[in-house]
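Here are the chains, one letter per residue:
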Amino acid sequence: MRVSVVLCTHTLDRYDAFTEAANSVLEQTHDDTELVLVSDGSEAVYEQFRAGFGDHEDVITHCNDENVGLLESRNNGAEIATGDVVAFIDDDAVADETWVAQLVEAYEHREAMAAGGKMTPEWVAGRPTFLPEEFYFLVGVTQRGFADGPGEVRNTFGSNISFRRDVFLELDGFDTDIGGRQGDENLQGGETELCARLSETHDAGVYYNPDARVAHKVFQYRTEPAWLLDRAFWQGYSKRGMEVLVPESTGEEYDFLGQLLGEFVPQRLKGLFAAPSREKALQFVMLFVFTAAVGLGYLYGATKWR
């Protein structure tokens, strides 16, 4: 099974991180792996692609005519890919060497339409002690409570998700109207929307294999409280947007909220009393602070999405 991994970027900033992401794909244990590099409208980036990877037989390079955003760049990459499966990884991530092999297992032995894996943190500037694992999704990392183990889920993170290429193209890929800032608003959920259409048309979800691991670089600015609270707010806004755009796509959020309040909060409170510490106390408080921020974003979204 041939797997094409699409990797997009639009700037030479942090190009070293991008190069590490690209090399992690080229070093996969699965032999038949293709790397598709997409420059989102930057000729300078495209020239770097050609200089660094142009001679590699398993690399395809492409440059968009203009800056069109991540989701359309990914769609363009999938169009020119040659694999049976198209997978996606971000330019600030590093794939485990068995990542593609673990995804292939889902297709060959689970008859999956789509497959994804676990995002793990790579704390570039150190782990923020106040951030509870229940809210790791704010920094693009699989949170506590995401899944009990392997099995079908609604969707995984966009930096660790794949589809049968023919199915992806049949669905017309990602909806390019979703994702990224537009004015003062930031609607997130490209993977959620696409996977909702996958479920509707094929009655299939994404097979989650926690052994298919991708590490996400968490840079210092993403560990600052103000950035995280802003992120939580727009997550709430996006959840409301998804309720309106794709009504059947939001059940997992309500399940997680129930698990958070009914299971994780009592467990943390019990642990805090059993072995008190400043870190435990701070994380306990931040559970409610981040939940409130998500809730405020949801309420704001309710004024925009009716």
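Refer to the structure presented above.
This write-up is about the structure you can find in this document.

**Notes on the overall build of the protein chain**
Tallying secondary structure elements over the protein chain gives nine helices and 11 strands in all. Here the C-alpha radius of gyration of the protein chain, 19 Å, is about what a compact globule of 306 residues would show, namely 19 Å. Principal-axis analysis of the C-alpha atoms gives the protein chain an extent of 60 × 40 × 40 Å. Going through the 306 residues of the protein chain one by one, you find that 50% of them count as buried. Of all intrachain contacts in the protein chain linking residues separated by at least 6 positions in sequence, the fraction that spans at least 24 positions is 79%. Taken as a whole, the protein chain presents about 13,900 Å² of accessible surface, with 48% of it coming from carbon and sulfur. One way to put it: in the protein chain the 25 positive side-chain charges average out to a point 10 Å from where the 52 negative ones average out.

**A word on the pattern of salt bridges**
Counted according to the given criterion, the structure contains 13 salt bridges. Across the salt bridge formed by Asp-32 and Arg-2, the nearest N and O atoms sit 2.4 Å from each other. Placement of the pair is Asp-32 in the loop between α1 (15-26) and β2 (33-39) and Arg-2 in the segment before β1 (3-9), with a sequence separation of 30 residues. Within this structure, Arg-2, Asp-32 and Glu-34 form a network of salt bridges that share partners.

**Let's talk about the pairing of strand β6 (residues 114-123)**
Relative to strand β8 (residues 161-164), β6 is paired through three bridges, and the arrangement is antiparallel. Bridge pairing in β8 places Gly-116 opposite Ile-161. Relative to strand β11 (residues 206-218), β6 is paired through 10 bridges, and the arrangement is parallel. Its bridge partner being in β11, Thr-120 is matched across the sheet by Ala-215.

**Topic: the nonpolar core**
Counting 33 residues, the largest nonpolar core has Val-5, Leu-7, Leu-37, Ile-89 and Trp-99 as the members making the most contacts within it. Sort the elements by how many residues they give to this core and helix α4 (residues 99-110) lands first, with six residues. With near-sequence residues (within four places) excluded, Trp-99 lies in contact with Val-5, Gln-28, Ala-87, Phe-88, Ile-89, Asn-160, Ala-212, Arg-213 and Val-214. Grouped together as the second largest cluster of nonpolar side chains are 23 residues, Phe-88, Phe-146, Val-153 and Phe-163 included.

**Digging into a nonpolar patch on the surface**
A surface patch of nonpolar side chains, about 200 Å² in accessible area, is lined by Leu-229, Val-285 and Val-289. One can find Val-289 in helix α9 (residues 278-304).

Basis of the calculations
Residues numbered from 1 in each chain as written. Predicted model: local features only at pLDDT ≥ 70, side-chain atom pairs only at ≥ 80, totals over all residues. Heavy atoms only, no water. Helix = DSSP H or I, 4+ residues; strand = E, 2+ residues; numbered from the N terminus. Rg over C-alpha atoms; globule rule 2.2 N^0.38 Å. Buried < 20%, exposed > 50% of the residue type's maximum accessible area, 1.4 Å probe, protein only. Contact = heavy atoms within 4.5 Å. Areas by Shrake-Rupley, 256 points an atom, 1.4 Å probe, with all protein chains shown as cover. Lys, Arg positive; Asp, Glu negative; His and termini not counted. Charge placed at Lys NZ, Arg CZ, Asp CG, Glu CD. Salt bridge = Lys/Arg side-chain N within 4 Å of Asp/Glu carboxyl O. Pairing = 2+ DSSP bridges. Core = buried A, V, L, I, M, F, W, Y, C linked by side-chain atoms within 4.5 Å. Patch = residues over 30% accessible without salt bridge, like charges linked within 9 Å, V, L, I, M, F, W, Y side chains within 5 Å.

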